[in-house]
Amino acid sequence: MGLTSRRTAPPRASKQHDDGVGRAPSVRDVHVQLRDASATRLMHTRRMRALQLKALGRMLVEGEQELLDALAADLGKPAVEAHLTEIDLVKHEVDFALLHLSEWMEAHHAKIPMLLQPASAKTEPQPKGAILIIGAWNYPVQVLLGPLVGALAAGNVAALKPSELAPATSAAIARLVPRYLDRRAVQVLEGGADVSAELLGLEWDHICFTGSQRVGRIVAEAAAKHLTPVTLELGGKCPAVVLDGNLHAAGRRIAHGKILNAGQTCTAPDYVLAVGQGMEKLPEVIHRAFVRFFGRDASASRDYGRIVNRKAFDRLVGFIEDAEIDRSVRVIGGGYDAETLYIEPTILVGVDPEAAVMQEEIFGPILPILTVASLDEAMRFINARPSPLAAYLFSERPRPHSVFEDQVRAGAIAFNVCNMHAAVSTLPFGGVGASGMGNYHGRYGFDTFSQLRPVFSKTALVDTLKIAYPPYRKGKTRVVRSVNLGSAGRQDVDVKPGDKPGM
């Protein structure tokens with residue numbers, strides 16, 4: 001299937017939601033409104049947090065079809081896949097947060113060194129304030145509303161900036177959010193790079209961004225001007241190493257992990273390292289899995305998505321054409337159609353490690369397979385490149401698991417499966433190094449958007465600190481130095497908040 005004409009239909013323009021008085025609020029208006037709401041402690045109570053989380057849950061249920069239609073329009077995303085990887089994941093995050101909210105909000109007592117007794121101390125999670133969440137186009141519901149769950153659970157207000165590259169979903173979220181969530185607590189701002197730039201020029205209490213490393217650097221630089229903490233989810237070239245075990249199961253799981261959202265997934269296996277002899281069949285095994293999933297013509301399958309836009313399509317086709325020119329590379333698949341933005345699931349066997357397809361995250365249904373002599377060589381190959389968001393090893397032996405876990409630097413490690421760790425609310429989701437910083441999901445999202453504030457209390461009825469006041473005579477020095485002020489050892493006393501310390 002060759003290149004055909006470009007699509008002539010322009011992208012759907014999205015409009016910012018009206019503020020109720022006949023005009024759309026400006027970026028600065030929204031910023032001021034959210035700042036004011038944060039200053040009034042709007043979201044501090046457990047009741048208000050739970051109300052907004054429940055409202056978000058209702059929005060996902062009652063606005064489900066609207067979101068499904070939008071995801072299909074933007075990405076050709078099948079309904080089942082949209083449920084599993086977008087809507088249901090956020091629903092689960094909402095339910096999980098509601099179940100544990102009281103527990104997460106609790107203060108925790110801290111031990112006090114003997115020298116500071118009598119006293120009490122605790123740590124308490126406090127809302128950071130006004131949060132900016134900038135979403136991505138590949139999972140435009142999940143990566144925008146997923147962090148919002150943590151932000152609301154932690155008692156914050158938030159500005160949401162959906163990706164303009166998924167215009168139908170952006171517009172759907174802009175319509176739905178004001179219907180369900182308190183406008184003082186959550187605002188949606190649609191638009192392109194100009195809106196993002198204006199948002200980043202303002203002071204926020206935390207910024208959460210999902211997207212490319214290039215834009216991630218822009219976000220981090222803008223945040224640094226206000227000393228704003230950031231959470232960056234940036235992806236990277238996630239490797240899958242196949243060492244031993246059930247080759248057919250490994251092939252199916254790699255194929256499934258790769259082809260979700262037509263390969264436009266940040267945790268998808270970006271390339272495969274096949275270790276040693278006996279791996280000659282692996283490319284065909286993976287290809288057969290693709291055929292089993294979508295038939296011999298994936299373009300006719302209702303379960304296979306499309307590339308987000310022509311720019312991304314042309315970039316991916318360039319990788320395929322480069323491989324077809326290189327006679328040392330075997331191309332399995334490789335069909336495409338520009339009019340429908342369809343690219344066939346494609347395997348590239350024997351790619352040069354220095355080829356363009358191996359220099360940046362592919363973010364599409366193209367899977368290079370390279371052969372290496374040993375697990376050690378595979379790990380050296382991975383570690384010589386920027387740290388990925390995830391690294392996968394297919395092996396049934398515990399020793400390789402232990403070595404891989406110990407020596408490979410990645411945002412996450414998974415054995416014999418791809419992508420699944422990102423669906424577990426009890427695990428943090430985040431990168432390391434070039435693949436990002438910070439994390440969220442479940443309790444980790446609550447912690448990310450909270451300040452863990454220490455509170456220390458000491459009675460003044462009897463001034464037991466006299467021993468620490470100048471002048472520092474010899475006897476006083478001996479006493480003070482005999483007690484480790486910061487120790488958490490035997491001399492410390494465990495006093496719970498609210499206990500009345502003795503004299």
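Asker: I'd like a rundown of the state of the cysteines, residues and numbers included.
Answerer: Inspection of every chain in the model, using the stated rule, returns zero disulfides. As a non-bridged cysteine, C208 has C266 as the owner of its nearest cysteine sulfur, 12 Å distant. Residue C208 is classed as buried on the basis of its relative accessible area of 1%. Of the cysteine sulfurs around C238, a residue in no disulfide, the closest is that of C266, at 7.2 Å. Judged by relative accessible area, C238 falls into the buried class, the value being 0%.

Asker: Go over the sheet that holds strand β21 (residues 450-457), please, and point to the residues and values.
Answerer: Reading across the sheet, the three strands line up as β1-β3-β21 and stay open at both edges, with antiparallel pairing between neighbours. Here the strands that pair on one side only, and so sit at the sheet edges, are β1 (108-109) and β21. Where strand β3 (residues 120-127) meets β21, eight bridges bridge the pair, whose relative direction is antiparallel. Bridge pairing in β21 links A121 to F456.

Asker: Explain the confidence of the model for the chain to me, and be specific about the residues and the numbers.
Answerer: On average, residues of the chain score 91 in pLDDT, and 91% of them reach the 70 mark or higher. The model gives residues 1-15 a pLDDT under 50, and that stretch makes 32 contacts with residues more than four places away or in other chains. Counted against residues more than four places away or in other chains, residues 497-503, with its pLDDT under 50, gives nine contacts.

Asker: Give me the lowdown on the environment of V403, citing residues and values where you can.
Answerer: With respect to the helices and strands, the residue V403 is situated in helix α13 (residues 398-407). For V403 and F449, which are 46 residues apart along the polypeptide, the C-alpha to C-alpha distance reads 34 Å.

Asker: Describe helix α11 (residues 310-325), and please don't skip the residues or the numbers.
Answerer: Its 16 residues give α11 an end-to-end C-alpha distance of 22 Å, which sits within 8% of 22 Å, the value for a rise of 1.5 Å per residue. Listing the buried residues of α11 in full gives R310, A312, F313, L316, V317, F319, I320 and A323. Of the surrounding secondary structure, the elements contacted by the buried residues of α11 are β11 (330-332), β12 (336-337), β13 (342-343), β14 (346-349) and β15 (366-372). Of the residues flanking the start of α11, the one acting as N-cap is N309, its side-chain oxygen 3.4 Å from the backbone nitrogen of K311.

Asker: Go over the packing of aromatic side chains, please, and point to the residues and values.
Answerer: Going through the model one piece at a time under the given rule, you end up with ten aromatic pairs. Note on W137 and F363: the rings are 5.4 Å apart at their centroids and 85° apart in plane angle, and the pair reads as edge-to-face. Here W137, found in the loop between β4 (130-134) and α5 (142-153), pairs with F363, found in the loop between β14 and β15; they are 226 residues apart in sequence, far enough to count as distant. Ring geometry for F404 and F415: centres 6.4 Å apart, planes at 65°, overall edge-to-face. Separated by eleven residues along the polypeptide, F404 in helix α13 and F415 in strand β17 (residues 413-415) bring together distant segments of the chain. We note R385 situated over the ring of F381; from NZ or CZ to the ring centre the distance is 3.6 Å.

Asker: Could you give an account of the pairing of strand β9 (residues 238-242), naming the residues involved and the relevant values?
Answerer: It is a general feature of regular strands that their side chains alternate between the two faces of the sheet. Across the five residues that make up β9, a large majority, five, are buried. Pairing of β9 with strand β10 (residues 269-275), which is carried by five bridges, proceeds in the parallel orientation. Bridge assignment links A240 to a residue of β10, and that residue is V272. One crossover worth recording links β9 to the parallel β10 by way of helix α9 (residues 247-259), and it is right-handed. Sheet topology places β9 next to strand β16 (residues 391-394); three bridges connect them, and they run parallel. If you follow A240 over to β16, its bridge partner there is Y392.

Asker: Break down the nonpolar core for me, with residues and values.
Answerer: Counting 83 residues, the largest nonpolar core has V241, I254, L273, I286 and F404 as its most contacted members. Broken down by element, the residue count for this core peaks at seven residues, all from α11. What F404 contacts, discounting residues up to four positions off in sequence, is V241, L375, M379, I382, A391, Y392, L393, I413 and F415. By size, the runner-up hydrophobic cluster in this structure holds 71 residues, among which are L34, L176, V188 and A223.

Asker: Give me the lowdown on the pattern of salt bridges, citing residues and values where you can.
Answerer: Applying the stated criterion to the full structure yields 16 salt bridges. With its nearest N and O atoms 3.7 Å apart, the salt bridge here joins E66 to R179. Here E66, found in helix α3 (residues 64-75), pairs with R179, found in helix α6 (residues 167-180); they are 113 residues apart in sequence, far enough to count as distant. D314 is the partner of R310 in a salt bridge, and the nearest nitrogen-oxygen pair spans 2.7 Å. Taken as a pair, R310 and D314 lie in helix α11 at a separation of four residues, close to a single helical turn. Assessed through its relative accessible area of 29%, D314 is described here as partly exposed.

Asker: Tell me what's going on with the environment of R478, and back it up with residues and numbers.
Answerer: By secondary structure assignment, the location of R478 is in helix α15 (residues 474-482). Sequence-wise, R478 and Y440 are 38 residues apart; in three dimensions their C-alpha atoms are separated by 47 Å.

Asker: Before we move on, can you summarise the packing of α3 against helix α4 (residues 79-105) with the specific residues and values?
Answerer: Close contact between α3 and α4 brings their axes to 10 Å; oriented N to C, the two are set at 130°. Considering the angle they form, α3 stands oblique to α4. With respect to the hand of their crossing, α3 and α4 are arranged in right-handed fashion. Contacts from E64, L67, L68 and L71 of α3 reach α4 at A79, A82, H83, E86, I87 and K91. Residues that form the contact of α3 with α4 fall into these classes: six nonpolar, one polar and three charged.

Asker: Can you lay out the pairing of β4 for me, pointing to particular residues and giving the numbers?
Answerer: Counting buried positions along β4 yields five of five residues, so the element is predominantly enclosed. Where burial is concerned, the two faces of β4 agree: the one with A130, L132 and I134 and the one with I131 and I133 are both buried. Across five bridges, β4 lies against strand β5 (residues 157-161) in parallel orientation. Note that in β5 the partner of I134 across the bridge is K161. For the segment spanning β4, α5 and β5, crossover handedness is right-handed. Across four bridges, β4 lies against strand β7 (residues 206-210) in parallel orientation. From the neighbouring strand, I133 faces β7, where its bridge partner is C208.

What counts and what doesn't
- Residues numbered from 1 in each chain as written.
- Predicted model: local features only at pLDDT ≥ 70, side-chain atom pairs only at ≥ 80, totals over all residues.
- Heavy atoms only, no water.
- Disulfide = S-S within 2.5 Å.
- Buried < 20%, exposed > 50% of the residue type's maximum accessible area, 1.4 Å probe, protein only.
- Pairing = 2+ DSSP bridges.
- Helix = DSSP H or I, 4+ residues; strand = E, 2+ residues; numbered from the N terminus.
- pLDDT = per-residue confidence, 0-100.
- Contact = heavy atoms within 4.5 Å.
- Expected span 1.5 Å × (residues − 1).
- Polar contact = N/O pair within 3.5 Å; in protein donor to acceptor, adjacent residues only side chain to side chain.
- Phe/Tyr/Trp six-rings, centres within 6.5 Å; stacked < 30°, edge-to-face > 60°.
- Lys NZ or Arg CZ within 6 Å of the ring centre and 35° of its normal.
- Right-handed = clockwise from strand over helix to strand, strands pointing away.
- Core = buried A, V, L, I, M, F, W, Y, C linked by side-chain atoms within 4.5 Å.
- Salt bridge = Lys/Arg side-chain N within 4 Å of Asp/Glu carboxyl O.
- Axes fitted to C-alpha atoms, helices over the stretch in contact; angles between N-to-C directions.
- Parallel < 35°, antiparallel > 145°, perpendicular 65-115°, else oblique.
- Left-handed = near helix turned anticlockwise from the far one by under 90°.
- Nonpolar A, V, L, I, M, F, W, Y, C, P; charged D, E, K, R; others polar.

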